[in-house]
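Okay, here's what each chain looks like letter by letter:
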Amino acid sequence: MPGRQELPSTLQRSPEKAQRTWIEAHDSAVETYGEGRRAHQTAFAALKHTFEKVGDHWEPKSRKGPSDKQASRGAGQRATKTAGGVDANASKEHLYERARQLDIPGRSSMSKKDLVDALQKASGRQSAKARKSRS
């Protein structure tokens, strides 16, 4: 099962359901498109419909649906900028709560876009830190 061997570290620290979602979507995409970037993008797009990245792992979303413009696009479409797993379609209040959870300074004066950007950066930093501590 190729997906299990290629499971990203952020998913290794995530619930079993998130891992299963990514693996099944990845393996299906490998059958359709072959191994590589497109299979990974497809797996992450599927994951983003039910999970959001919080720090160095993925957590279930309260509502299902695409998390950003890229995740809502169909297969074979030109890639657009993603929110890196942050649920950019969530309410500002939800994003603020995630920012509070990650202790992001200045969150109370941020716009929704600023919150998405700050959450994406904070999650990236935490993921890099977690990867570094594993090596």
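Only a predicted model underlies this, so the values are computations on that prediction, with no experimental measurement involved. (Residues numbered from 1 in each chain as written. Predicted model: local features only at pLDDT ≥ 70, side-chain atom pairs only at ≥ 80, totals over all residues. Heavy atoms only, no water.)

1. Some details on unusual backbone geometry
Glycine aside, negative phi is the norm for most residues, and most peptide bonds take the trans geometry. So the rule is basically this: Residue exposure (1.4 Å probe, protein chains only): buried if accessible area is under 20% of the type maximum, exposed if over 50%, otherwise partly exposed.
Unlike most non-glycine residues, Asp103 shows phi in positive territory, near 55°. With relative accessibility at 59%, the residue Asp103 sits in the exposed group.

2. Comments concerning the side chain of Ser123
Applicable threshold: Segments assigned H or I by DSSP are reported as helices when at least four residues long, segments assigned E as strands when at least two residues long, and all are numbered from the N terminus. Every residue pair with non-hydrogen atoms within 4.5 Å of one another is taken to be in contact.
Counting through the fold element by element, Ser123 comes out in helix H7 (residues 112-134). Among all residues touching Ser123, those that are not within four sequence positions of it are Lys53, Val54, Gly55 and Leu102.

3. A few points about the packing of helix H3 (residues 16-33) against helix H4 (residues 37-47)
For the record, the criterion: Axes here refer to lines fitted to C-alpha atoms; in helices the fit is confined to the stretch in contact. Angles between the N-to-C directions go from 0 to 180 degrees. Roughly parallel covers angles under 35 degrees, roughly antiparallel covers those over 145, roughly perpendicular covers 65 to 115, and oblique covers all other angles. Crossings are classed by handedness, with left-handed meaning an anticlockwise turn of the near helix from the far one by less than a right angle and right-handed meaning a clockwise turn.
Their axes nearest at 8 Å, the elements H3 and H4 cross at an angle of 140°. Overall, the two elements H3 and H4 adopt an arrangement that is oblique. Considering how the two elements wind past one another, H3 and H4 form a crossing that is right-handed. Facing Ala18, Thr21, Trp22, Ala25, His26, Ala29, Val30 and Tyr33 of H3, the residues of H4 in contact are Arg38, Ala39, His40, Thr42, Ala43, Phe44, Ala46 and Leu47.

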